[in-house]
Amino acid sequence: MSDMLSRPGARDGGPHQTPGPAPSDVVAPTKPVVLSAALSAGACLLTGLLTCAAVAVIGWLAATFGGASGALRAGASAWLVAHKAGVTLGGGSVTIAPLGLTLFFAWCLYRGGKSAARNSAADRTGDLILLSGVFAVVYGLGGLIVALLTADGSLKVHPLAAFLGAGTIAFIAGTLGILVESGAAADIADATPIGLRDTVPAAAAAVLTVIAIASVLYGVLLAIHFSRITGMLELLDAGVIGSVVLFAICLMLVPNMILYVVSFLAGPGFQLGVGTTIAPTGVDVGNLPALPLLAAVPEDGATPTYLLALTAVVPLIAGVVAGLVVVRRGLVDEEAEALGWDAFALRGGIAALIAGVMLYLLMALSGGSAGPGRMSAVGIPAALPAAGVLAAGMAIGASITAAVIASRRPADVEVDAAG
């Protein structure tokens with residue numbers, strides 16, 4: 001493995017390489033592995049904290065109460081919650097991560113991992129492991145310090161939860177960036193069996209298809225209920241600056257709502273409070289907070305028929321997309337002629353299973369507590385059954401699509417030869 005990951009330079013010829021020929025005795029300046037990881041993790045930490053602090057300060061400027069220190073503490077709390085580190089305030093807790101903000105931090109950490117790998121020029125297995133570990137630990141320690149500094153009076157944050165939440169996200173996103181920049185990701189892909197390697201992009205395509213359909217449906221429902229949005233904005237009367245802050249909050253929560261729509265399309269649905277249900281079988285939600293993001297939620301009662309039809313169609317469509325990707329990638333393989341339709345069908349089924357696991361993880365991360373009382377339970381309580389239903393539907397669509405296309409290959413070849 002050490003030999004496989006060793007290389008004189010990055011595979012992609014990134015910006016760390018000097019363009020044009022260079023004398024053999026000239027070595028590009030690099031930083032020690034530990035220093036590169038610590039600096040990159042610190043930069044990511046500051047970027048995230050400053051972003052949250054900026055939004056919080058803008059909200060404080062629009063408010064008529066509170067102080068600047070409270071606004072900064074609110075921004076730090078948002079940063080912690082985005083890393084799944086719960087914040088307890090008074091009698092309630094906030095553990096639901098705004099996934100839009102979480103994805104932004106993950107992107108920053110991915111770029112930070114790439115920067116650390118580029119600056120250190122790490123290429124051996126041991127160096128890459130050290131780089132990834134230091135990157136995650138430093139970022140996690142930053143989260144622990146933020147938790148200790150944020151806690152004050154009724155505002156409580158568990159430092160260990162902050163360390164684990166921040167460190168886990170940094171380890172996943174940062175390691176991915178490190179592997180890509182160093183070229184180790186390409187080596188791992190080359191060492192992976194072709195059949196399994198083709199199922200991963202097929203699974204990703206299926207997940208993106210489900211999310212895309214859910215996004216379109218959510219957008220259509222918001223457009224249909226646009227009058228609700230205007231009514232909520234008039235009721236809130238937040239002003240210009242307040243509206244900007246409200247828009248930022250809604251933007252951070254959009255991925256959560258899209259995943260709730262995904263669960264709705266799967267059948268089990270989701271909840272927006274204790275004792276509420278939003279599912280194809282019916283809606284029982286009562287009064288909701290005046291948040292424009294929730295204007296798309298159907299009214300209490302039976303759901304429209306077209307929504308029931310989508311619950312059966314969407315997984316099949318995603319499965320068809322996965323099957324097409326499996327066949328397209330499999331047919332360019334040198335051993336494709338020796339594979340029968342059953343092998344492609346199996347790959348389609350495996351891709352659907354992987355897609356189901358991906359969707360389960362996303363849906364499980366999308367929920368939590370949004371405050372005291374009724375809002376202490378928000379999200380997808382049946383995330384595992386929802387992912388199972390989606391995986392089963394995608395497996396049917398992917399297996400049948402891949403098998404049918406693969407079984408027609410000999411006829412297609414003969415037609416092409418005759419032409």
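Up top you'll find the structure we're talking about.
Residues numbered from 1 in each chain as written. Predicted model: local features only at pLDDT ≥ 70, side-chain atom pairs only at ≥ 80, totals over all residues. Heavy atoms only, no water.

**Structural notes on the overall build of the protein**
What counts is decided by this rule: Runs of H or I in DSSP of at least four residues are treated as helices and runs of E of at least two as strands, each being numbered from the N terminus. Burial here depends on accessible area, computed with a 1.4 Å probe over protein chains only, as a share of the maximum for the residue type. Under 20% is buried, over 50% is exposed, and the range in between is partly exposed. Accessible surface area values rest on a Shrake-Rupley calculation with a 1.4 Å probe, where residue burial reflects the displayed protein chains alone.
For the protein, the helix and strand inventory stands at 14 helices and seven strands. By the burial criterion, 42% of the 419 residues in the protein qualify as buried. Roughly 20,300 Å² of accessible area belongs to the protein as shown, and the carbon and sulfur atoms make up 71% of that amount.

**A few points about the environment of Ser-407**
Its location among the elements puts Ser-407 in helix α13 (residues 383-407). Sequence separation of Ser-407 and Trp-341 is 66 residues, and the distance between their C-alpha atoms is 5.2 Å.

**Points about the nonpolar core**
Definition in use: Side-chain atoms within 4.5 Å link the members of a nonpolar core, which is a set of buried Ala, Val, Leu, Ile, Met, Phe, Trp, Tyr and Cys residues. Contact definition: two residues touch when any of their heavy atoms are within 4.5 Å.
Core analysis: the largest hydrophobic core is formed by 56 residues, its most contacted members being Tyr-218, Tyr-260, Phe-270, Leu-272, Ile-278, Met-363 and Met-394. Among all residues touching Phe-270, those that are not within four sequence positions of it are Tyr-260, Ser-263, Phe-264, Thr-276, Thr-277, Ile-278, Gly-379, Ile-380 and Pro-381. Val-33, Trp-79, Leu-155 and Ala-166 belong to the second largest nonpolar core, which has 36 residues in total.

**Examining the packing of aromatic side chains**
Our working rule: Geometry of aromatic contacts follows a simple scheme: Phe, Tyr and Trp rings, the Trp one being its six-membered ring, pair when their centres are within 6.5 Å, and the pair is stacked under 30 degrees between planes, edge-to-face over 60, tilted otherwise. Each ring is checked for a lysine NZ or an arginine CZ that lies within 6 Å of its centre and within 35 degrees of its normal; such an atom marks a charge sitting over the ring.
Within this structure, the stated rule accounts for four aromatic pairs. Consider the rings of Trp-79 and Phe-105, whose centres lie 6.4 Å apart with planes at 50°: the pair is tilted. Of this pair, Trp-79 sits in helix α3 (residues 68-82) while Phe-105 sits in helix α4 (residues 99-120), and the two are 26 residues apart along the sequence. By relative accessible area, which is 0% here, Trp-79 ends up buried. When its relative accessible area of 2% is taken as the criterion, Phe-105 is described as buried. Ring geometry for Phe-104 versus Phe-105: centroids 5.9 Å apart, planes at 50°, classification tilted. Classification of Phe-104 as partly exposed rests on a relative accessible area of 30%. These aromatic residues form a ring-pair network of at least three members: Trp-79, Phe-104, Phe-105 and Tyr-139. Taking the ring centre of Phe-344 as reference, the NZ or CZ of Arg-347 above it sits at 5.6 Å.

**Things to note about α3**
Condition: A helix is expected to span 1.5 Å for every residue after the first.
The end-to-end C-alpha distance of α3 is 21 Å, a good match for the 21 Å that 15 residues give at a rise of 1.5 Å each. Where α3 is concerned, the buried positions are Ala-71, Gly-75, Ala-76, Ser-77, Trp-79, Leu-80, Val-81 and Ala-82. Positive backbone phi, approximately 65°, marks Lys-84, located one or two places after α3.

**Quick word on the packing of helix α8 (residues 194-224) against helix α12 (residues 341-365)**
Applied cut-off: Inter-axis angles, ranging from 0 to 180 degrees, are taken between N-to-C directions of lines fitted to C-alpha atoms, where helices are fitted over the stretch in contact. What sets the label is the angle itself: under 35 degrees gives roughly parallel, over 145 gives roughly antiparallel, 65 to 115 gives roughly perpendicular, and the rest give oblique. In this scheme, a crossing is called left-handed if the near helix is turned counterclockwise away from the far one by less than a right angle; it is called right-handed if the turn is clockwise. Charged residues are taken to be Asp, Glu, Lys and Arg, nonpolar residues to be Ala, Val, Leu, Ile, Met, Phe, Trp, Tyr, Cys and Pro, and polar residues to be all remaining types, Gly included.
At a closest axis distance of 7 Å, the pairing of α8 and α12 adopts a crossing angle of 50°. Taken together, α8 and α12 sit at an angle that is classed as oblique. Seen from above, α8 lies across α12 with right-handed handedness. Contacts between α8 and α12 involve Gly-195, Asp-198, Thr-199, Ala-202, Ala-203, Ala-206, Val-207 and Ile-211 from the first element and Arg-347, Ile-350, Ala-351, Ile-354, Ala-355, Met-358, Leu-359 and Leu-362 from the second. A class-by-class count of the residues in the contact of α8 with α12 yields 12 nonpolar, two polar and two charged.

**Regarding the sheet that holds strand β3 (residues 155-157)**
Strand-to-strand pairing in sheets goes through backbone hydrogen bonds, with the strands running parallel or antiparallel. Definition in use: Each pair of strands is called paired provided DSSP finds at least two bridges between the two strands.
Taken in spatial order, the three strands line up as β2-β1-β3 in an open sheet, and their pairing is antiparallel. Either end of the sheet is taken by a strand with one partner, and the two such strands are β2 (92-94) and β3. Within the sheet, the average angular offset between the axes of one strand and its neighbour, ignoring direction, is 25°. Pairing of strand β1 (residues 87-89) with β2 involves three bridges; the strand directions are antiparallel.

**What about α12?**
The end-to-end C-alpha separation of α12 is 37 Å, in line with the 36 Å expected for 25 residues at 1.5 Å each. For α12, the set of buried residues is Phe-344, Ala-345, Arg-347, Gly-348, Ala-351, Ala-352, Ala-355, Gly-356, Leu-359 and Met-363.

**Section: the state of the cysteines**
Our working definition: Whenever a pair of cysteine sulfur atoms sits within 2.5 Å, that pair is classed as a disulfide.
This model, assessed by the stated rule, comprises zero disulfides. Here Cys-44 stays free of any disulfide, with the sulfur of Cys-108 as its closest cysteine sulfur at 6.2 Å.

**What about a nonpolar patch on the surface?**
Note the following rule: A patch is a set of surface residues, each over 30% in relative accessible area and not in a salt bridge, joined within 9 Å for like charges and within 5 Å for the nonpolar side chains Val, Leu, Ile, Met, Phe, Trp and Tyr. Any Lys or Arg side-chain nitrogen found within 4 Å of a carboxyl oxygen on Asp or Glu counts as a salt bridge.
Side chains of Leu-353, Val-357, Tyr-360, Leu-361 and Leu-384 sit close together on the surface and give an oily, nonpolar patch of about 490 Å² of accessible area. Along the chain, Leu-384 turns up in helix α13.

**Concerning the side chain of Gln-271**
Position of Gln-271 among the secondary structure elements: in strand β4 (residues 271-272). Leave out the neighbours within four places in its chain, and Gln-271 touches Thr-276, Ile-278, Ala-377, Val-378, Gly-379 and Pro-381.

Everything listed here is a matter of geometry and, on its own, says nothing about what the molecule does.
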